[in-house]
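Chain residues, written in single-letter form:
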Amino acid sequence: MTGAAPLSEPAGLRAWLLSPEPASRWQARLGRLYLGWRTFTKNPLAVFGLGIVLLLLFVALFANFLAPYSPITGGDLRTARLLPPSAAHWLGTDDQARDIYSRIIHGSRITLWVVLLVSVIATPIGLLVGTVSGYVGGWVDTVLMRITDIFLAFPRLVLALAFVAALGPGIENAIIAIAITSWPPYARIARAETLMIRNSDFIAAVKLQGASTPRIIFGHVVPLCISSLIVRVTLDMAGIILTAAGLGFLGLGAQPPMPEWGAMVATGRNYLIDQWWVAAMPGLAIFVVSLGFNLLGDGLRDVLDPKAAK
């Protein structure tokens, strides 16, 4: 046969992925992923944001190998306290003679842990509330949306402070509090998507086939709402990081001696004039990671939002 080029060749693989008549669902899905990746890479800021997020994942996974010192145990308080950045301590030391670079490296694990857990907890809650509310309608929609409005009426940090004050300080309670305050926007988005979907012809066809309401919601409505939620969750990750840092700054998040970035900034504010690096370095880490998630979210919006497609 002298037809198609081998799949091992880049051109042949590209032609296979972009085939107008895919031979299988797997080929069609890979083709959509390839087109999405091409759209994503056209935005250099989105690629830069992806690089920051991947760097965060790498640092969190290999923190034990990247950190030269213990994040908990400090050095000699007489000689190693509040040292400026140097070859021995790249980002300086804090008031307990602990290496700030090592603490930021290990603090990336806490930041990533908070982001992942809050996303895993809040996203399904918002998705379930929004799809059920939008599809069922009636008094169910009224009750669920009024509850959502109550949560949206309070600023996220203020509401999280209230929940943490009730649950008690600690990183676990902070994660629960942030998750409780994060789901309402996802419910609103899922409801809006569901309202556009529920009267579609394919939903009517599924009803005629005898599908139950739960099967329609979870089998047909939820998958169509996921792409919009992925974009919103990615954009919200920066807010989650800032909320967790705010709780840590106020002493209601991770407790000492955990190397949480917000708590590190709170410690460094006492030395901001003379030893600026104690607060500036973890603050810079918060800024960079938040920027990375925002840029990544913008890039995903270009890929997943059908209205943005040209």
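Residues numbered from 1 in each chain as written. Predicted model: local features only at pLDDT ≥ 70, side-chain atom pairs only at ≥ 80, totals over all residues. Heavy atoms only, no water.

Caption draft 1: Quick look at the overall build of the protein. Looking only at helices and strands, one finds 12 helices and 0 strands in the protein. Its helices and strands taken in sequence order, the protein reads α-α-α-α-α-α-α-α-α-α-α-α from the N to the C terminus. When burial is assessed residue by residue, the protein has 43% of its 310 residues classed as buried. Intrachain contacts of the protein at a sequence separation of at least 6 include 69% that bridge at least 24 residues. Total accessible area on the protein stands at roughly 16,700 Å², and carbon and sulfur atoms take up 68% of it. For the protein, the centre of its 23 positive side-chain charges and the centre of its 17 negative side-chain charges are spaced 7 Å apart. (Helix = DSSP H or I, 4+ residues; strand = E, 2+ residues; numbered from the N terminus. Buried < 20%, exposed > 50% of the residue type's maximum accessible area, 1.4 Å probe, protein only. Contact = heavy atoms within 4.5 Å. Areas by Shrake-Rupley, 256 points an atom, 1.4 Å probe, with all protein chains shown as cover. Lys, Arg positive; Asp, Glu negative; His and termini not counted. Charge placed at Lys NZ, Arg CZ, Asp CG, Glu CD.)

Caption draft 2: Expanded view of the environment of I286. Secondary-structure assignment places I286 in helix α12 (residues 277-304). Classification of I286 by relative accessible area gives buried; the value is 10%. Measuring from C-alpha to C-alpha, the distance between I286 and T111 comes to 9.0 Å, with 175 residues separating the pair along the chain.

Caption draft 3: Summary view of the nonpolar core. Among the nonpolar cores identified, the biggest contains 61 residues, and V114, W261 and F293 are the most heavily contacted of them. For this core, the elements supplying multiple residues, two or more each, are α3 (44-61), α5 (100-136), α7 (156-167), α8 (171-197), α9 (201-208), α10 (213-249), α11 (261-268) and α12. Sort the elements by how many residues they give to this core and α10 lands first, with 14 residues. The residues touching V114, leaving out its near neighbours within four places in the chain, are I171, I175, I178, I240 and A244. One finds V59, A67, Y101 and I105 within the second-largest nonpolar core, a separate group that totals 5 residues. (Core = buried A, V, L, I, M, F, W, Y, C linked by side-chain atoms within 4.5 Å.)

Caption draft 4: View of helix α6 (residues 138-152). With 15 residues, α6 extends 21 Å from end C-alpha to end C-alpha; this agrees with the ideal 21 Å at 1.5 Å per step. Taken together, the buried positions of α6 are V140, D141, M145 and T148. Around the axis of α6, the buried residues are gathered within 110° of arc, so they sit on the same side. Exposed residues lying more than 90 degrees from the buried face of α6 are W139 and I150. Looking at the buried positions of α6, the neighbouring elements they touch are α5 and α8. (Expected span 1.5 Å × (residues − 1). Arc of directions from axis to C-beta.)

Such coordinate-based values are descriptive only and should not be taken to indicate function.
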